[in-house]
Amino acid sequence: MKIQLSWLQELVDLQGLTLDEIVKTISLYATEVEGVSKLIDATNIVIGHVLTKTPHPNSDHLSVLTVDVGEVLQIVCGAPNVEAGQTVIVALEGARLPGDFVIKHSKIRGVESCGMVCSLQELGIDKKFIDEAYLNGIYYFEEKHPVGMKGECALGLEGDLIEIDVMPNRGDLLSLVGVAYEMSAVFNRPLKPLSIPTFDRVGKEKISIKLENGNCSSYYAQVVKNVTIKPSPQWLKARLIAFGVRPINQVVDITNYILALFGQPLHAFDYEALGSTIVVRNAKEGETFVTLDEIKRTLVSSDLVITNGKDPVALAGVMGGLDTEVVPTTRHILLEAAIFDPLTIRKTSSRLGLRSEASMRFERGVDLNQTKLALDYAVYLLTTLGGGEVVGEASHEGISELPEESIDLSQELTQAVLGYPITLEAMSDVLTRLHLSYIVKGNHFTVYAPNRRRDLQIPEDLIEEIGRLNGYDKVPLSLPIDARAGLITEEQKRRRLVKNSLVALGLHEVVTYSLVNEATLSAFTQNQETPKKPLSLLMPLSEEHKVMRQGLLSSILEVVRYNYSRKNVNLALFELGKVYLSQNEEEEWLSGAMSNQYSHTLWQQKEEKVDFFLVKGILNELFHNLGVEATYVPMQNPGNELHPKRSATIMVDGKPIGFVGQLHPQYELEHEFDDVIVFEVKIASLLKMKSPQIVFASMKKLPSIERDLAFVVGKEVLASDMVAAIRKTDRTILSNVQIFDVYTGENILPNTKSVAIKLIFSSDEPLQEEQLQQKIQKIIKDLKYRFQAELRS
């Protein structure tokens, strides 16, 4: 919300307060100040009167002007629309314009120039706020202003602009009147009464209004005839520019002015195009309607529309219709002032992507008790600025006024919530500053919350206001008193162990959105037994964040894509997070992606590339730290995303818990990846396991003995199965089994492979060769029985 301080000071007395005091106090006691700026960030600009214009002797597009600014200056100007007799804005010598541009005395094509006649763009005003007549030239005033007057004052754009952040529950701060109430409370300054002069009403004009449901609680319609459509005066344009709205014509500008002042959206219809019948109803399913932006909209039954009794003429609270638009030839106006259901407006504006100043205010709640006042003020301005005639009293249907809601508040509860003693006088002072009426009985208050403060509904809301305005610095500093020692659960310890282990192995943790595009759910479903309907948002902010994720890999690969597009291709990423498989089912998964270079030594010119076995080794180290023994089997259904020959299912206790593999070449080609290895583990069950107790064993007194064996087996035999079988043959002196080579090629039969295995024996007693041979023969015999393995000679 943008606030012009000079406008705000017409509503509340801020005399004597500096800008710095205002900003600091608002930030501490009211809401966050997002920015402070000048409406015109220029110095030494004044009003001048163009006396003469002559052609430049050395240029066919420049003119030489004499301009009275209190003294007569000669200025060279290139604007095509400058003429003698105009009242213009002049930047004097030494003036500083936006962009740190300084005006200096100079010669232009041999002619002296002592200043510059300015356009609005050169003063830093956005192009969208500038009338088309002034876009390609200097700005000149239609009305006269004193020579030498400050230019920003003549434009009505003097002073400072403060932009505040408005929380969703504080819709009252989306109006100057609401901000004035807040400033009055914060600074304990009086409000200035907003009076509306009386105006004449002629004749009668009965408008038939019908509200077909409860989504419109109040609807006013006022006819104003014989209006002349013309540009607004400069003061009105200036206030709309300060508010951030483009001036159009005096009818539209008045509705926007009332929106800024009261927070009450209004809409102006061409009365002759509309007719005298208004029906507010829900749209018919599939009904079409062309909005002011000339887009044909298809409506649904949850949309609320204003109709002429038959066809829609406006999307209630969102946007008007093209057929009843106010155009330069419009003579008669019907002004609408209504209150619509916030949720209904929110649904429609979100569905159609039509987020307007009006819809934003309706979504947060508009003060029904100010609707008639806002309408009357708009009608007064129309008669003053547009020469219109107000026809009769405004027609109305629905609720005309809402009673104030009462809230019971006690001193005891206030002190208990705030955590420090507070007197009844201090509580009364805050309620008075907030302009809330109340009754005190003993130490109990009955407070009446006005309709403008829709956020005040329960005692705690009032206590928050008391604590805020009484000062957060009043809250005493204290440390929590608790005899219990803090600790973390076993599951939390194991979760930290997972993260620390992966970080120690060179991976970086990433955190991605839980909300994803629905199209990504069909990829990397290998960990899902059966596809389930995703959990989706009713009103997503965008299609990219519409459904809850059912896996982590797609999101991590989006991070990989982001880095690849910026030439960062050496990646080692992981995420430990929740997936949401259905409405009542969520699990914790671990996922990761690694690519290209894993490590390198600049001096030795050595590097280690990421491949399937490196990532498998990292996972093995993680499982070892968790006290889990995992095995890997070829993946039966790698899908379209994983390499059919370089992917494996991860097994723990005979059950699949995840997968690891290289991306499919076609998938890598489509996404411009290269050699990316990914993994995804359903880690929730591993986190819930108890960490194994570490048992220390004494170091063997005697050196270990190694024996290398090579076996020829079928290609389908898994080396991990051979290792597991060997370990089962002896648990006394066989301390380790390692695969150190797998060979296929010459001297090996087709469809077979040679697997070289290192056996390590150790014992506290001296080992005899005969004893070792017995163990080795048992291993050879067992492998021959299980896998038809032949000892390679």
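Located above this text is the structure these notes cover.
Note that the structure is a prediction, hence the values are computed from the model and not measured.

A. Spotlight on the packing of aromatic side chains. Inspection of the entire model under this criterion finds 13 aromatic pairs. Seen from their ring centres, Phe340 and Phe362 are 5.1 Å apart, and the 65° between their planes marks the pair as edge-to-face. One end of the pair, Phe340, is in strand S24 (residues 333–340); the other, Phe362, is in helix H9 (residues 357–364), and 22 residues separate them in sequence. Taken as a pair, Phe340 and Phe362 share a single burial class, namely buried. When the centroid spacing of 5.4 Å and the interplanar angle of 65° are considered together, the rings of Tyr564 and Phe673 count as edge-to-face. Here Tyr564 is found in helix H15 (residues 553–564), whereas its partner Phe673 is found in the loop between helix H17 (665–671) and strand S39 (676–681), with 109 residues between them in sequence. Of the two residues, Tyr564 and Phe673, both sit in the buried class. Here the aromatic residues Trp7, Trp235, Tyr257, Phe262, Tyr377 and Tyr380 are joined through ring pairs into a cluster of three or more. Directly above the aromatic system of Phe740 lies the positively charged group of Lys758, at a separation of 5.3 Å from the ring centroid.

B. Inspection of the packing of helix H14 (residues 490–504) against helix H16 (residues 612–625) at higher detail. Remark: H14 packs on H16, axes separated minimally by 10 Å, with the N-to-C direction vectors making an angle of 145°. Classified by chirality, the crossing of H16 by H14 is right-handed. On the side of H14, the interface is formed by Leu497, Val498, Ser501 and Leu502, while H16 contributes Ile618, Leu622 and Asn625. Here the residues of the contact of H14 with H16 are counted per class, giving five nonpolar, two polar and no charged.

C. Inspection of the pairing of strand S28 (residues 444–449) at higher detail. Burial along S28 is one-sided: Phe445, Val447 and Ala449 are buried, and none of His444, Thr446 and Tyr448, which face the opposite way, are. The sheet contact formed by strand S26 (residues 405–410) and S28 spans six bridges and is antiparallel. Each residue of the ladder has a partner; that of Glu405, found in S28, is Ala449. Examined bridge by bridge, strand S27 (residues 437–441) and S28 share five bridges and lie antiparallel to one another. Paired with Tyr438 across the strands is Val447, a residue of S28. Hairpin connection, S27 to S28: the antiparallel pair is bridged by two residues, and Gly442 has positive phi, about 65°.

D. Up close: helix H2 (residues 19–29). Those residues of H2 not exposed but buried are Ile22, Val23, Thr25 and Ile26. Turning to H2, the residues buried within the fold contact helix H1 (5–8), strand S2 (33–38), strand S13 (160–164) and helix H4 (176–187).

E. Layout of the sheet that holds S27. Spatial strand order, S26-S28-S27: three strands in an open sheet with antiparallel pairing. Strands at the two margins of the open sheet, each flanked by one partner only, are S26 and S27. On average, adjacent strands in this sheet sit at an angle of 20° to one another, irrespective of strand direction. Each of S26, S27 and S28 is contacted by helix H12 (residues 424–433), which is oriented at about 5° to S28, the strand it contacts most.

Conventions we followed
Residues numbered from 1 in each chain as written. Predicted model: local features only at pLDDT ≥ 70, side-chain atom pairs only at ≥ 80, totals over all residues. Heavy atoms only, no water. Phe/Tyr/Trp six-rings, centres within 6.5 Å; stacked < 30°, edge-to-face > 60°. Helix = DSSP H or I, 4+ residues; strand = E, 2+ residues; numbered from the N terminus. Buried < 20%, exposed > 50% of the residue type's maximum accessible area, 1.4 Å probe, protein only. Lys NZ or Arg CZ within 6 Å of the ring centre and 35° of its normal. Axes fitted to C-alpha atoms, helices over the stretch in contact; angles between N-to-C directions. Left-handed = near helix turned anticlockwise from the far one by under 90°. Contact = heavy atoms within 4.5 Å. Nonpolar A, V, L, I, M, F, W, Y, C, P; charged D, E, K, R; others polar. Pairing = 2+ DSSP bridges.

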